[in-house]
Structure formats: structure tokens, C-alpha cells
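# Breakdown of the fold
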Amino acid sequence: MIEIVAAPTPASRQHHRVPLGMQHLWGIVLAGDDGRSSRSHYIVGASSRRSHLLGAPPLARFRRTLQRAARLIPEERLVAVLARSDALRYEPALAAVPRARRVVQPTYRGTGPEIFLPLMKIAREDAHATVVILPHDHLVDHKARFMSYVATAARAVDVRADVPIVLGAYPRDLDPAYAWIDPGPPVEGLEAYSIRAVQRFVRRPSAADMMALFDGNGLLSTLVIVGKVETLLEIGRACVPDVLETLEPLEDAFDGPEERLMTEAVYEYMPEASISQDVLERGERFAVLPIPDVMWQESGEPAPALAC
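None of these values were measured; they are calculated from a predicted model.

## Side note on the nonpolar core
Phe116, Leu119, Val131, Leu247 and Phe286 are the most contacted members of the largest nonpolar core, which totals 43 residues. It is helix α4 (residues 111-125) that contributes the most residues to this core, seven residues altogether. Not counting chain neighbours up to four residues away, the residues in contact with Phe286 comprise Pro164, Val166, Ala197, Val198, Phe201, Ile225, Leu232, Ile235, Val279 and Leu280. Ranked by size, the runner-up nonpolar core spans 41 residues in total, among them Tyr90, Met147, Ala156 and Leu167.

## Some points on the packing of helix α2 (residues 58-69) against helix α3 (residues 84-94)
In contact at an axis separation of 9 Å, α2 and α3 are set at 45° when each is read in the N-to-C sense. Relative to α3, α2 is oriented oblique. With respect to the hand of their crossing, α2 and α3 are arranged in right-handed fashion. Contact residues: α2 offers Pro58, Leu59, Phe62, Arg63 and Leu66, while α3 offers Arg89, Tyr90, Pro92, Ala93 and Leu94. In the contact of α2 with α3, the residues fall into eight nonpolar, no polar and two charged.

## Side note on the confidence of the model for the chain
Atom-level detail of predicted coordinates should not be read off regions where pLDDT is low. Across the chain, the average pLDDT comes to 81, with 77% of residues at 70 or higher. Within the model, the stretch residues 1-18 combines pLDDT values under 50 with 66 contacts to residues more than four positions away or in other chains. Here residues 296-308 is modelled with pLDDT under 50, and outside its nearest four sequence neighbours on either side it reaches 55 contacts, counting other chains as well.

## Some points on the pattern of salt bridges
Taken as a whole and judged by the stated rule, the model has 15 salt bridges. One salt bridge connects Glu125 with Arg101, and the closest N-O pair in it is separated by 2.6 Å. Taken together, the residues Glu125 in helix α4 and Arg101 in strand β4 (residues 101-105) connect sequence positions 24 residues apart. Given a relative accessible area of 31%, Arg101 falls into the partly exposed group. Notably, a salt bridge pairs Asp278 with Arg282, separated by 3.4 Å at the nearest N-O pair. Taking relative accessible area as the criterion, Asp278 reaches 13% and is therefore assigned buried.

## What about a negative patch on the surface?
Taken together, the side chains of Asp242, Glu245, Glu248 and Glu251 present a region of like negative charge at the surface. For Glu245, the position within the fold is in helix α8 (residues 241-247). You can call Glu245 exposed: its relative accessible area is 56%.

## Remarks on the pairing of strand β6 (residues 165-171)
Of all the seven residues making up β6, six are buried; the element is thus mostly covered by neighbouring parts of the structure. Summarising the sheet, β6 and strand β9 (residues 219-228) pair through four bridges and their orientation is antiparallel. The residue of β9 that forms the bridge with Val166 is Ile225.

Conventions used here
- The numbering scheme is per chain: residues are counted from 1 as the chain's sequence reads.
- This being a predicted model, a pLDDT of at least 70 is required before a residue's local features are given, and a value of 80 or more before pairs of side-chain atoms are given or counted; all residues contribute to the totals for chains, interfaces and linings.
- With hydrogens and water set aside, each side-chain value is computed from the structure's full complement of heavy atoms.
- We define the nonpolar core as a collection of buried residues of types Ala, Val, Leu, Ile, Met, Phe, Trp, Tyr and Cys that are connected through side-chain atoms lying within 4.5 Å of one another.
- Summary of the burial criterion: residues with accessible area below 20% of their type's maximum are buried, those above 50% are exposed, and those between are partly exposed, where the area comes from a 1.4 Å probe applied to protein chains only.
- Secondary structure elements follow DSSP: runs of H or I no shorter than four residues count as helices, runs of E no shorter than two count as strands, and numbering proceeds from the N terminus.
- Two residues form a contact once any of their heavy atoms are found within 4.5 Å.
- Note on method: axes are straight lines fitted to C-alpha atoms, helices fitted across the in-contact stretch only, with angles between N-to-C directions ranging 0 to 180 degrees.
- Working definition: roughly parallel below 35 degrees, roughly antiparallel above 145 degrees, roughly perpendicular at 65 to 115 degrees, and oblique for all remaining angles.
- Here a crossing is called left-handed whenever its near helix is offset anticlockwise from the far helix by less than a right angle, and right-handed whenever the offset is clockwise.
- Charged residues are taken to be Asp, Glu, Lys and Arg, nonpolar residues to be Ala, Val, Leu, Ile, Met, Phe, Trp, Tyr, Cys and Pro, and polar residues to be all remaining types, Gly included.
- Per-residue confidence from the prediction method is given by pLDDT, with values spanning 0 to 100.
- Salt bridge, as applied in this entry: a Lys or Arg side-chain nitrogen positioned within 4 Å of an Asp or Glu carboxyl oxygen.
- Exposure above 30% relative accessible area and the absence of a salt bridge qualify a residue for a patch, where like charges join within 9 Å and nonpolar side chains (Val, Leu, Ile, Met, Phe, Trp, Tyr) within 5 Å.
- Methods summary: accessible areas were calculated by the Shrake-Rupley approach with a probe of 1.4 Å, and residue burial reflects only the protein chains presented.
- Positive residues here are Lys and Arg, negative ones are Asp and Glu, while His and the chain termini are left out of the count.
- Here the site of a charge means NZ on Lys, CZ on Arg, CG on Asp, or CD on Glu.
- Strand pairing requires that DSSP identify at least two bridges connecting the strands.

What follows is the structure, encoded as C-alpha cells:
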């Protein structure tokens, strides 16, 4: 298990903040599939509540992620993505953000379909949407601080709509079980936001690669992604065209009486896809926002394999 703890921050460092009234800001919260995958836990900041947070069950983690997202994103533009097998179990968590929307997948086919299905629904309603994608397993202390980084990424995406951004944390230990990011130079036009190009994503680094990344400026991917909806869908069409083509028949059925039956039929043929392996590693347009006062550290429990 991994946790994120605060690292020293220069007093002079300022965070860019996005006005909370952004007209096109949306959020997707991923529930994953607890029956099949073991996801890791993260914490931003240090606090006396850490042991309580680490012991939180999936339902509580999901609820806290929704509530945290609602600090920045209006509830009615939050989309919770659930597998049908878990949908009823997660309803009490959704009660905390009653206006949040639900997208229910008939079955879980990996993080690729889990992300692109709600992206297609959002694009149909708001072609100008900026979307924040949040895994539900990020246990976060100092919520305002973390969401200020998400806001920075959203502001940057508004400036450069062609550049989706992943949040990256500094590693404290060598850990081959998590996806690493090799950051490059500052992105043109986004220097004020500390956004850097991504030279490569390394999902399973060799010992030599990991040491080089650790000794250099390597980051660990939080899998928090911020991007314009059309840019993310464009990348999806290039990286996982079979997923987007399989979902395409649903576009005309969204929010209609036939949507559920169509979704059932579509998911019969839905290929498995991983956002980390099949999109991030293949996409050349992603940038990274380093989180300067956050580091990853072993929490004393075995780290599970990356399941996304």
C-alpha cells in the first residue's frame, strides 16, 4: 500500500487557482470493480487522521472522492461510473452528493471503457467540457490543497485545449509496481502553471530505469487526468479505436428509453482496455503537473499490483 505524505515546500511557492464558477468543468469519479481489482490507496498531506483514512472501506473512499470533487465541480456535473454488480452498494455514498449523475456499466471491462463511456455522454451535452477524471481510491487529507492542483491543471487546459494533463507525485521510495512518468521541458504557453511535457510513461520500469527516474526528476502517476473532452476522445480514437467504435452506437441512445438495452448489447462485445497501458503509454500529447509538496511513501503494507 502507498501513501502520499507532505514534503517541504518553499514559502514563496504560489498555487494557481481556477475560479470555481467555470462554466464547463465536469468530473468523472471511477468506482472500478472491487470484485476483480485491488487498487492502491493514496494520501495527500500528513495528519493525525491518517490511520483512520487508511482503514476506510471502498464505500467510504468513494463517498469522500465525490465530496472532494464537489469542492470544485458542481454536483450536477459530477458523473459516478459504476459496474452494475456494485451499483446498489454504492448508492449510500452517492446520497452525499445527491445531484451527481450515474453511469452504470453492465460489466467491468477495464479503465478504458470506464472512462470513455462517460466522456462520450459528457461530449454530447457539452462539447466544450473540461473533464477531471478521479479514481475513487485516492484518500486525501488537506482536500483544498489537492483540489487546488486539480484547479491549476483545469486552468492550464483552458489555455491549451490540445494538452491533457496528468498529476504526478514525487516518489520517496523505489517501487516498480506503479506507473512512473519521465517529465520533459515546460510546455509552451503553460510555463506559468509549471506544466511539463511527458517524455514517456513507464508502467513497469526495469531496475535501471527506475533508478534513473528516481535519481532524476521522475514522478509517479496519480492517474488523475484533466483534459478537454474532445481532446481526450480524439486520443481514445487513436489509442483504443475498438473501444470507441464499440461505444459509438450508444451516442444516439443516450438519455433515451432504449439506452439501457443498447448498453447491454454493446457491452457484449466490449473489448478490455487499460487507460494506463493502452492510452497513457501510447498517447504522445499528455503533459504532467508535478505536485511539489507531495511525495509517495510506503505505508508499511504490501503494495498491490497496478490494476488500471
